[in-house]
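Each chain is listed here by its residues.
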Amino acid sequence: MSFQQYFDIFGDQIIRLTIRHILLFLIAFAAAALLGVVMGIAIYRVRVLRFLLPIVNILQTVPEIVLLALAIPFLGIGYTGALVPLLVKGILPVLQNTAGGLQSVRPELKEAATGIGMSKAQLLFRVELPSALPIILAGMRISAIMLVSVITLTAYIGVESLGTLILQGISRMDSNPLIVGSGLSALLAVLVNQIMIFLERRALRRTGGRP
Amino acid sequence: MTTAAIEFKSVTKRFPKTDHPAVDRIDLRIHRGETVALIGASGCGKTTSLKMINRLIEPTEGSILVNGQDIRHLPLLSLRRSLGYVIQHVGLFPHMTVAANIAVVPKLLNWDKARITRRVDELLEMVHLPPAEFRDRRPLDLSGGQQQRVGVARALAVDPPILLMDEPFGALDPITRTSLQNEILDIQRKLRKAIVIVTHDMEEAVRLADRIVVMQAGGIVMDASPSDILLKPATPFVASLLGDSRMIKLLQTLKVGDHATAGNCGGAPELPASASLHDALNLFLETGADTIAVRGGGAMAACLRRDQLFSIAGEA
Ligand SMILES: Nc1ncnc2c1ncn2[C@@H]1O[C@H](COP(=O)(O)OP(=O)(O)OP(=O)(O)O)[C@@H](O)[C@H]1O
Ligand SMILES: [Mg+2]
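Residues numbered from 1 in each chain as written. Chains lettered and ligands numbered in written order. Predicted model: local features only at pLDDT ≥ 70, side-chain atom pairs only at ≥ 80, totals over all residues. Heavy atoms only, no water.

Description of a nonpolar patch on the surface
Residue and element names in this part refer to chain A. Worth spelling out the cut-off: Any residue with relative accessible area above 30% and no salt bridge may belong to a patch, with like charges joined within 9 Å and the nonpolar Val, Leu, Ile, Met, Phe, Trp and Tyr side chains within 5 Å. Accessible surface area values rest on a Shrake-Rupley calculation with a 1.4 Å probe, where residue burial reflects the displayed protein chains alone. Counted as salt bridges are all cases of a side-chain nitrogen of Lys or Arg within 4 Å of a carboxyl oxygen of Asp or Glu. The secondary structure listing takes helices from DSSP runs of H or I that are at least 4 residues long and strands from runs of E that are at least 2 residues long, numbered from the N terminus. Only protein chains enter the accessibility calculation, which uses a 1.4 Å probe. A residue is then buried if its area is under 20% of the maximum for its type, exposed if over 50%, and partly exposed in between.
Taken together, the side chains of Phe-51, Ile-55, Leu-59, Phe-74, Leu-75, Val-84 and Val-88 make up a nonpolar region of the molecular surface, amounting to roughly 630 Å² of accessible area. Within the residue set of the nonpolar patch, elements represented by two or more residues are helix H2 (52–61), helix H3 (64–75) and helix H4 (79–103). Within the secondary structure, Ile-55 sits in helix H2. Accessibility expressed as a relative area gives 43% for Ile-55, which makes it partly exposed.

Details of the site of ligand 1
Residue and element names in this part refer to chain B. The line we're drawing: Throughout this document, a residue counts as near a molecule or strand when at least one of its heavy atoms sits within 4 Å of that molecule or strand. Between N or O atoms, a polar contact is any pair within 3.5 Å; within protein, one atom must be a potential hydrogen donor and the other a potential acceptor, and residues adjacent in sequence are included only when both atoms are from side chains. Side-chain classes follow a simple rule in which Ala, Val, Leu, Ile, Met, Phe, Trp, Tyr, Cys and Pro form the nonpolar group, Asp, Glu, Lys and Arg form the charged group, and the remainder, Gly included, forms the polar group.
What surrounds ligand 1 is a group of 13 residues, the closest being Ser-42, Gly-43, Lys-46, Thr-47 and Thr-48. Residue Gly-43 places a main-chain N or O atom 2.8 Å away from an oxygen atom belonging to ligand 1. Residue Thr-48 places a side-chain N or O atom 2.5 Å away from an oxygen atom belonging to ligand 1. Contact with the protein chains hides 60% of the accessible area of ligand 1, taken as 640 Å² for the molecule alone. Within the shell around ligand 1, the residues separate by chemical class into four nonpolar, seven polar and two charged.

Points about the interface of chain B and chain A
Often, the extent of an interface is quoted as the loss of accessible area on bringing the components together. So the rule is basically this: A contact between two residues is defined here by any heavy atoms of the two lying within 4.5 Å. The buried area of a pairing is the accessible area, by a 1.4 Å probe, that goes missing from both parts when the two are put together, added over both.
Facing the 22 residues of chain B at the interface are 21 residues of chain A. A buried area of about 1900 Å², summed over both sides, lies between chain B and chain A, and 65% of it is on carbon and sulfur atoms. It is Phe93(B), His95(B) and Leu108(B) in chain B that bury the most area against chain A; as a group they hold 28% of the surface buried on that side. For the interface between chain B and chain A, the tally reads one salt bridge. One salt bridge in this structure joins Glu111(A) and Lys51(B), with 3.0 Å as the shortest N-O distance. There are five residue pairs in polar contact (both at pLDDT 80 or more) connecting chain B and chain A.

Overview of the domain arrangement of chain B
Residues and elements named next belong to chain B. Definition in use: Domain extents, as shown, originate in an automatic or database domain assignment.
As far as domains go, chain B holds domain 1 (6–245) and domain 2 (254–315). Facing the four residues of domain 1 at the interface are eight residues of domain 2. Roughly 610 Å² of surface becomes buried between domain 1 and domain 2 when both sides are summed, with 70% attributable to carbon and sulfur atoms. Summed over the shared surface of domain 1 and domain 2, the number is zero salt bridges. Across the domain 1-domain 2 interface, the total number found is zero residue pairs in polar contact (both at pLDDT 80 or more). Sorting elements by how many residues they give to the side of domain 1 that touches domain 2 places helix H10 (residues 226–231) first, with three residues. Of the residues that constitute the side of domain 1 that touches domain 2, the class distribution is one nonpolar, one polar and two charged.

Digging into the sheet that holds strand S12 (residues 270–272) of chain B
Residue and element names in this part refer to chain B. Quick reminder of the rule: One requirement defines pairing of two strands: DSSP has to find at least two bridges between them.
If you walk across this open sheet you meet the four strands as S11-S14-S13-S12, and the pairing is mixed. Both outer strands of the open sheet, strand S11 (261–262) and S12, are each paired with one neighbouring strand and no more. When S12 meets strand S13 (residues 291–295), the two strands line up parallel, connected through three bridges. Note on S13: the bridge partner recorded for Glu-270 is Ala-293.

Let's talk about a positive patch on the surface
As a reminder, the rule being used: By the counting scheme adopted, Arg and Lys are positive, Glu and Asp are negative, and His together with the chain ends is not counted. In plain terms, the charge of a residue is placed at NZ if it is Lys, CZ if Arg, CG if Asp and CD if Glu.
Taken together, the side chains of Arg201(A), Arg202(A), Arg205(A) and Arg206(A) define a basic patch exposed on the protein surface. Residue placement: Arg201(A) occurs in helix H8 (residues 175–207).

Points about the packing of aromatic side chains
Heads up, the rule is: Side-chain rings of Phe, Tyr and Trp (the six-membered ring for Trp) are treated as a pair once their centres are within 6.5 Å; stacked means planes under 30 degrees apart, edge-to-face means over 60, and tilted covers the remaining angles. We call a charge positioned over a ring when the NZ of a Lys or the CZ of an Arg lies within 6 Å of the ring centre and within 35 degrees of the ring normal.
The tally for this structure, following the rule as stated, stands at one aromatic pair over all chains. Each ring, one from Phe25(A) and one from Phe29(A), has its centre 5.6 Å from the other, and the planes form 5 degrees; the classification is stacked. Residue Phe25(A) and its partner Phe29(A) are both found in helix H1 (residues 3–45); the two are separated by four residues, about one turn of the helix. Stacked on the ring of Trp111(B), the Lys or Arg Arg115(B) has its end atom at 3.6 Å from the ring centre. Its end group placed over the ring of Phe93(B), Arg154(B) keeps NZ or CZ at 4.9 Å from the ring centre.

A few points about the nonpolar core
Note the cut-off: Put simply, a nonpolar core is a bunch of buried Ala, Val, Leu, Ile, Met, Phe, Trp, Tyr and Cys residues held in one set by side-chain atoms that sit within 4.5 Å of each other.
Ile6(B) and Phe93(B) are the most contacted members of the largest nonpolar core, which totals 160 residues. Looking at this core element by element, the count peaks at 14 residues for H1(A). Taken domain by domain, this core gets at least three of its residues from each of domain 1 (6–245) and domain 2 (254–315) of chain B. In this view, Phe93(B) contacts Leu109(A), Ala112(A), Ala113(A), Ile116(A), Met118(A), Val127(A), Asn101(B), Val104(B), Pro139(B) and Arg154(B); residues no more than four positions away in its chain are not counted.

Written as structure tokens, this is what we have:
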């Protein structure tokens, strides 16, 4: 089958899988970013939770595929089995950078804010989070790049994504879906990376390059 | 006796795991319209004393009153919002524009937008930063002196009756420093606040303050007017603070005749025109006079007023 014929026949499927992939990414990333920031704030604010940080570091080093595999006995295959491990992996860098970023906000900024009468919440939202934003965004970038490519792996546990095309290519010994699937995945990864870098630069400019 | 704007009543602060108290039983009253300078060597407790006023640090013993009320009984956030605070390292928020930095406290107090905009422009004018040019700039694009000005404007935003300044002009070149000092003098003339300014610099203290409080190892070793500090240092330590001061040296080198103004001041104590301003200073303090008659400076009778002398001293 020529590339042209492949497109004519499977075009709809390619579009559907691409949209699936993007949706899956957006859901996993939004949830990871939100939970990561919230948990990062909690760890920063509530001292007793700091013991979690080393655990986070260890979890961080477990390969995604291992987490996906480990999840199967508990969560089965399908969306839950895919999203939960992805989420866990996606949260970690955001959480780590949020807690770290908040900790590195210059003490004189916190003192100025407190001294002129901000409450703890005002301090957090008006000074600490905006100051730590470049670092938090850097964590989100790591998380986003990881998620957008790891989502291809979820095809192994029956979740439709661009990974499905890659698997098809492998099982049918057909280079067309292989090229399309991996090419689009790579393209998405590059795109996500560029968007995140853009946001990060903008935030860095605002804070003058330091938290 | 009128209620002091700020009153320290035997205040002590011991930090955990330290041998000596950072602040040791200090008593201090600061009135409205008065500028008081806290001066002393690094680590003597100046910043600690200042931060106890806005409760960034809590005293271990003793109490602090603001307008006659124990600050522990005042709501913390509204206390802080009523005290203008210029911190030791400026502490402007880099992610906010100049205008947003100045507007922080008005926003906390829920002022409406129009009022905030008006106030921000007014303050920028006051510290000589043209609003159209500076409103939307970011602190990190400003020079050190401009940042300090914004810091002062931010502290004055809601026109607090009390202004706390911790080495506000510490890191500036002498010219910028002098011009900012002049602005503080100007602001104080107009607004009559109670100002506490921490400084390392005796010249700055003499220039700005009505009273100088010299601290050493957590205690107050002298609390007096600038002239008394200069001329009757209570301890060798106070004298050592003056030791390398250019001011006394300058006064010793300037001639009374060059600074007197024409006029008649018969009956006032007299000095020859060739006497130094330092002699004049001594004479002022010995006699308590406000004017000195200057002899022999040519045909015209001439006088030197006490405030003239101090403005020269401040200039040094
Ligand atoms: N949070 C703290 N914990 C322990 N000790 C402290 C703390 N803050 C200040 N100190 C100590 O208290 C003393 C007074 O400090 P303070 O900051 O008031 O000095 P300072 O007079 O403002 O000095 P500088 O001119 O260097 O700013 C110092 O010995 C300092 O080390
Ligand atoms: Mg200090």
